[in-house]
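# Descriptive analysis of the structure
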Amino acid sequence: MEFSRRSSPHQVGGPGVAAIMRQVLYALVPGTLALAWFQGVGVFVHLAVALVTAVAVEAAVQWLRRRPATAALSDHSVLVTGWILALAVPPLAPWWVTASATLFAVLFGKHLYGGLGFNPFNPAMVGYVMALIAFPREMTFWFPAAAPGDWPVGAWEAVRGVLVGLDAPTLDALTGATPLDLLHTGAPPGGALAVESGPGWMVAPLLFLAGGLWLLRCRLIDFRIPAGMLGAMALLATLLWLLPGEQPDPLFHLLAGGTLLGAFFVATDPVSAATTARGRWVYGAGIGALALLIREFGGYPDGVAFAVLLMNGAAPFIDYCFRPRRATG
């Protein structure tokens, strides 16, 4: 029997940054299409604004630092930042909200610390939190999303609303509270989320879940972080649900807001997340617990972005606590 012979190298390395980022972008596509199907073409307009702004700011910073822009843009990391940030912006928000948030994310969330690989905080969440604090009214312009394609305005009207703006009475008539807004104002939707709030708030998160599972299958992200985050959130939500009073079921918290998008596409950022095996469990659980506590007791309807940034800051200490130590003596 003759065995096949192959020349060296016999051990190949893992995929590079550009290949990983491309896979992440592919995994975001199904959830993005579902979000646009329920929230309208404004999703695509904000996505275009975010990607163009991200590329322009990245190229400008590289030019100022006298570095070749082609190498920085070819790793596609800035596209992932802009894409995730655009998904968090309401479809009728003005374009300049997305542009300013993306500029802030790339400039202050990434390059202020030295660029890719040196940022302690997730750049997309830095930009998103800036938009939440600076433009609180514009970040509430969501459609009710009752059924696929059931948009209260046509496609061109939605584009005009993003690029030019709509008057306040029209916006008040078109937009509505999200399920997390209802929870925050003391009127949580009871029962299954799909029945009470419309399938639009459930389909897109489930497709982001599918994209995240695909990344797990490709071994591009570590399962400990999303498992720890979703497990901690489900545990705390179950405890609150069992207490006397009107509280949504745990499934509501797992599907609502940016939980699944954050668990698989944001919290798993290899630069700003914990790197040790046990530390990733703690890091993920911390995000899930903080996100739920902010939703229930904080000043904002969703707390995923704030929880991610807080745990980004704690990640070095978590790794220090769980790093294997060499025995002495």
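## Remarks on the pattern of salt bridges
A complete count under the given rule lists five salt bridges for this structure. Taking the shortest distance from any N to any O, the salt bridge between Asp-222 and Arg-224 comes out at 2.7 Å. By relative accessible area, Asp-222 is classed as buried at 17%. The closest approach of N and O atoms between Arg-280 and Asp-222, which form a salt bridge, is 2.8 Å. Taken as a pair, Arg-280 in helix H15 (residues 277–297) and Asp-222 in the loop between helix H11 (200–217) and helix H12 (224–242) lie far apart in primary sequence, 58 residues in all. Arg-280 gets classed as partly exposed once you look at its relative accessible area, which sits at 21%.

## Side note on the nonpolar core
Ranked by size, the top nonpolar core spans 65 residues in total, and within it Leu-28, Ile-84, Met-125, Tyr-128, Phe-265, Tyr-283 and Ile-287 carry the most contacts. Among the elements that take part in this core, helix H16 (residues 304–322) stands out by supplying nine residues, more than any other. Contact partners of Leu-28, with chain neighbours within four places excluded, come to Trp-83, Ile-84, Leu-87, Phe-208, Leu-261 and Phe-265. Within the second largest apolar cluster, 14 residues are counted, among which are Val-41, Val-49, Val-153 and Leu-174.

## Brief notes about the side chain of Ser-272
Summarising the element assignment, Ser-272 is placed in the loop between helix H14 (259–266) and H15. Ignoring any residue separated from it by four or fewer positions in sequence, one finds Ser-272 in contact with Asn-119, Pro-120, Phe-121, Asn-122, Tyr-283, Asn-312 and Ala-315.

## What about the layout of surface pockets?
Looking at the largest pocket, its volume works out to about 770 Å³. If you trace the largest pocket, you find 34 residues lining it, with Tyr-128, Trp-142, Gly-257, Gly-258 and Asp-302 closest to the centre. When residues of the lining of the largest pocket are traced back to their parent elements, those giving at least two are helix H4 (77–87), helix H6 (123–134), helix H9 (179–184), H11, H14 and H16. Here the lining of the largest pocket is composed, by residue class, of 25 nonpolar, seven polar and two charged. Space inside the second largest pocket adds up to approximately 570 Å³. Lining the second largest pocket we find 28 residues, and of these Met-21, Thr-268, Asp-269, Pro-270 and Val-271 sit closest to its centre.

## What about the packing of helix H2 (residues 42–64) against helix H5 (residues 95–108)?
One can describe the packing of H2 onto H5 by two numbers: an axis separation of 9 Å at closest approach and a directional angle of 35 degrees. Once H2 is placed against H5, the crossing between them reads as right-handed. Residues His-46, Val-49, Ala-50, Thr-53, Ala-54, Val-57, Glu-58 and Val-61 of H2 form the contact with H5, whose own contacting residues are Trp-95, Thr-98, Ala-99, Thr-102, Leu-103, Val-106 and Leu-107. Class assignment for the residues of the contact of H2 with H5 results in ten nonpolar, four polar and one charged.

## Considering a nonpolar patch on the surface
A grouping of Leu-103, Leu-107, Phe-108, Leu-112, Tyr-113 and Phe-118 is seen on the molecular surface, where their side chains present a nonpolar patch of about 580 Å² in accessible area. Mapping Phe-108 onto the fold places it in helix H5.

Rules used in this analysis
- Within each chain, residues carry numbers counting from 1 in the order of the written sequence.
- In keeping with the predicted nature of the model, local features appear solely for residues at pLDDT of at least 70, side-chain atom pairs appear and are counted solely at 80 or more, and the whole-chain, interface and lining totals rest on all residues.
- Hydrogens and water molecules were not included; the side-chain quantities draw on all heavy atoms of the structure.
- Salt bridge criterion: a side-chain nitrogen from Lys or Arg within 4 Å of a carboxyl oxygen from Asp or Glu.
- Note on classification: 1.4 Å probe, protein chains only; a residue is buried when its accessible area is under 20% of the maximum for its type, exposed when over 50%, partly exposed between these limits.
- Under the scheme used here, helices are H or I runs from DSSP no shorter than 4 residues and strands are E runs no shorter than 2 residues, and both carry numbers assigned from the N terminus.
- Residues belong to one nonpolar core when they are buried, are Ala, Val, Leu, Ile, Met, Phe, Trp, Tyr or Cys, and are joined through side-chain atoms within 4.5 Å.
- Two residues qualify as a contact provided that any one of their heavy atoms is within 4.5 Å of a heavy atom in the partner residue.
- Of the two site types, the cavity is a set of points on a 1 Å grid over the protein atoms alone where a 1.4 Å probe fits but cannot get out, and the pocket is an open set with protein on both sides within 12 Å along at least five of seven lines, each lined by residues with an atom within 4 Å of a point.
- Grid points are joined across faces, edges and corners, and a volume is the space filled by probe spheres set on the points.
- Residues are grouped as follows: nonpolar covers Ala, Val, Leu, Ile, Met, Phe, Trp, Tyr, Cys and Pro; charged covers Asp, Glu, Lys and Arg; every other residue, Gly included, is treated as polar.
- A fitted line through C-alpha atoms serves as each axis, taken over the contacting stretch for helices, and the angle formed by two N-to-C directions is quoted from 0 to 180°.
- Each helix crossing is assigned a hand: it is left-handed if the near helix lies turned anticlockwise from the far helix by less than a right angle, otherwise right-handed if that turn is clockwise.
- Without a salt bridge and with relative accessible area above 30%, a residue can belong to a patch; like charges are then joined within 9 Å and nonpolar side chains (Val, Leu, Ile, Met, Phe, Trp, Tyr) within 5 Å.
- In this description, accessible areas are obtained by the Shrake-Rupley approach with a 1.4 Å probe, and a residue is regarded as covered only by the protein chains that are shown.

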